[in-house]
Each structure stands twice: as structure tokens, then as C-alpha cells.
Amino acid sequence: MTTDLSLPKPEEVGAFYDATNDLMTQFLGGSTHYGYWTGPDDDSTFEQAADRLTDILTDKLGAGPGDRVLDVGCGQGRPGVRLATRTGAELTGISISARDVEVSNARAEREGCADRVRFQRADAMELPFADNSFDHVFALESIVCVPDRVQVLKQMARVVRPGGSIVLTDFTDRDVEANAQKKEGLAEVGESWHTAPLVTESDYPSFASAAGLEVVEVTDITQNTKYTEERFYGPLREYAANNDVPPEITQVLQIAPSPEELKAMSEGAPSVGVILVVLRNPAQD
Ligand code: SAH
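Residues numbered from 1 in each chain as written. Predicted model: local features only at pLDDT ≥ 70, side-chain atom pairs only at ≥ 80, totals over all residues. Heavy atoms only, no water.

### Structural notes on the nonpolar core
Okay, step 1: Among the nonpolar cores identified, the biggest contains 52 residues, and Met24, Val69, Val117, Phe119, Phe232 and Tyr233 are the most heavily contacted of them.
Okay, step 2: For Met24, the contacting residues outside a window of four places in its chain are Phe16, Tyr17, Thr32, Trp193, Phe232 and Ile249.
Okay, step 3: Core analysis: the second largest hydrophobic core is formed by 31 residues, Leu70, Val72, Ile94 and Leu213 among them. (Core = buried A, V, L, I, M, F, W, Y, C linked by side-chain atoms within 4.5 Å. Buried < 20%, exposed > 50% of the residue type's maximum accessible area, 1.4 Å probe, protein only. Contact = heavy atoms within 4.5 Å.)

### Observations regarding the pairing of strand β3 (residues 117-121)
Okay, step 1: By the bridge criterion, 5 bridges tie strand β2 (residues 90-95) to β3 in an arrangement that is parallel. Note on β3: the bridge partner recorded for Ser95 is Arg121.
Okay, step 2: For the segment spanning β2, helix α4 (residues 98-110) and β3, crossover handedness is right-handed. (Pairing = 2+ DSSP bridges. Helix = DSSP H or I, 4+ residues; strand = E, 2+ residues; numbered from the N terminus. Right-handed = clockwise from strand over helix to strand, strands pointing away.)

### Some thoughts on the packing of aromatic side chains
Okay, step 1: Applying the stated criterion across every chain, the model contains 10 aromatic pairs.
Okay, step 2: Taking 6.1 Å as the distance between ring centres and 70 degrees as the angle between the ring planes, the aromatic pair formed by Phe16 and Trp193 counts as edge-to-face. Highlighted residues: Phe16 in helix α1 (residues 10-27) and Trp193 in helix α7 (residues 183-193), separated in sequence by 177 residues. For the pair formed by Phe16 and Trp193, the shared burial category is buried.
Okay, step 3: Three or more aromatic residues link up through ring pairs in this structure, and these residues are Phe16, Tyr17, Trp193, Phe232 and Tyr233.
Okay, step 4: Its guanidinium or amino end placed over the ring of Trp37, Arg231 lies 4.7 Å from that ring's centre, counting from NZ or CZ. (Phe/Tyr/Trp six-rings, centres within 6.5 Å; stacked < 30°, edge-to-face > 60°. Lys NZ or Arg CZ within 6 Å of the ring centre and 35° of its normal.)

### Some thoughts on the sheet that holds strand β6 (residues 214-220)
Okay, step 1: Pairing is mixed in the open sheet, where 7 strands are placed in the order β3-β2-β1-β4-β5-β7-β6. With partners counted over all chains shown, the strands left at the sheet margins are β3 and β6, one partner each. On average, each strand axis in the sheet is inclined to that of its neighbour by 15 degrees, with strand direction left out of account.
Okay, step 2: The strands that helix α5 (residues 149-159) touches are β1 (68-72), β4 (134-139), β5 (160-173) and β7 (272-280); relative to β5, the one it contacts most, it runs at about 160 degrees. (Axes fitted to C-alpha atoms, helices over the stretch in contact; angles between N-to-C directions.)

### Description of the site of the ligand
Okay, step 1: Taken together, 22 residues surround the ligand, and among them Thr32, His33, Gly73, Asp100 and Ala124 come closest.
Okay, step 2: Contacts to the ligand include Ile96, whose backbone N or O atom sits 3.1 Å from a nitrogen atom.
Okay, step 3: Between an oxygen atom of the ligand and a side-chain N or O atom of Asp100, the distance comes to 2.5 Å.
Okay, step 4: Out of a free accessible area of 570 Å², the ligand has 99% covered by protein chains.
Okay, step 5: Of all the elements, α1 adds the most residues to the shell around the ligand, at 3 residues. (Near = heavy atom within 4 Å. Polar contact = N/O pair within 3.5 Å; in protein donor to acceptor, adjacent residues only side chain to side chain. Areas by Shrake-Rupley, 256 points an atom, 1.4 Å probe, with all protein chains shown as cover.)

Below you can see the structure in the form of C-alpha cells.
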């Protein structure tokens, strides 16, 4: 893992999502994460593909009715509300963005599950919950935004009960040599999105052991998520050409890949990818 890139600062990350997430969710099927397509012929909409990834992670979590689930980095609440509706679990979601929390709570009200789905503003680096207060932790594409992944995993390990699971996605460096060549470009992208340096698949066993967690699964899902950039940046760029967008989005778009590069990403093996990670808090004897 490289260390010479600037690390995201939670307050700035919150301000970024406050300013951008209303717009971004419109181009990401209501969530703020990658879509999951079955292959080049899968004509699922972004919304279907994004919900599919939520469901894949939810199924890995193994949550059932009445289980207490913590959703770390909840975005605008679509994944958390969907998880709670599909499983019958009680869900507490947190985001560092006040706007995310407002929109998420409004969604829970609207969908009639506010009695067991609540969202609050909090920093994943310092979770405001008692030890062992959740059965499971769900963190879809949020650990990429924190300055210290191991610190967040330690916090998750503290609040989840023994035997409970933690399911998350992260962004990976899948081609260390190719990415070393475009280090500055990747740093710029990371800064514009307020994300941390990429990890490699092989980092997770050591992250997990530093946090006292067991690795159940680390799976590279890039071949399913790689259609995302083309289907996100294309329409967003078209929208931004004809409408006012926040300056943060203008900056993101300025350094986004060209249409040709986006097409190559969908058709090839991108050097930056996505992993799905399942961890477990060891059961006590
Ligand atoms: N899980 C959501 C959102 C992913 S986007 C979804 O899949 O739709 C990243 C989310 O993490 C945003 O909601 C952002 O505000 C939140 N986040 C980033 N850093 C955080 C931190 N330090 N503490 C809490 N939330 C954070």
C-alpha cells in the first residue's frame, strides 16, 4: 500500500458528500456505489445493478429478523433501507455527511420502516456505540473514504458481537506496475473523490489480524463492476455540459477518463478494481 498520497479528512469527506451526493445518486441508481453486472450482455439498469451489489453483500451478512445491523457510511440510505426490508433486521446507519443522514431518515419514514431503521451523523473512525452492540456490520464502499482502514476495522470489531460478521467493499490496485506508471493521475483522482490510497487483495489478512478479526472471504469482483465507470461518467458528463453542477463534480469530471478510456475499462481488465470482503469477529469459547 502506498503512503505518499494525501489521506482523506473526515470533515472534508462529509462536506464533499453534503455538496455532491444528491446529484451523484441520480447517476448511480439511487445509491453511491458500483453496479454489479453479470457480463457484457447484461442490460440491467444502473439501479438494478447497484441494488444487486447491495443484495450480494446483504446475503453474505447473514442477518435475520431482529438482528442489529450497523451500516457504516450509509450514503443516502438506499442500501440500508433495502437491507432492513429484505432481512427484517434493525438497522442503524451512520454517515459523516449531515445531508446523507437527513435524506436517509426521510427515506426510512417514507418507506415505513423508521421504527427499526435510523440514521445518525458519526465518524467511522470513532464509533459512538457501546462494545458488542451490533450483530453485524455492513460497509458498502465507505472504507475507501477513511484515513485509516485498520482503525475503522478495530472500531467495527469492538461494536460487533463475537461471531458477528462484517461485510464491505474496497478499491484495489490490481496491477501494481501499471498503476505505478500513473501514480500522479491516480493521486489526483483519489483527491477529487476524497478517497484513500488503494489496497491490494493481500492487504486484508494483515488488516484483519491487526483488528482482531478473521478473514472469511476476499473476492475480486472487478469483472462484474467494471462497467460502472462508463455508465456513470458518460451520463454525468452529458448532464454537466447542460446544467449547473457543484464545483466538486466539475473537478471530478475534469480528470475523469475519456470516453475511449471508459470503453476500454468496460471491455478489458481495469488496473483499479473492487473487492468484496467478509470478516468475522471470532466467537468466544
Ligand atoms: N454505502 C453507501 C454510500 C457509499 S459512499 C452506498 O453504498 O450507497 C461513502 C459514504 O461513506 C458516504 O455516505 C460518506 O459520507 C461516508 N463516509 C465517508 N467517510 C466517513 C467517516 N469517516 N465516517 C462516517 N461515514 C463516512
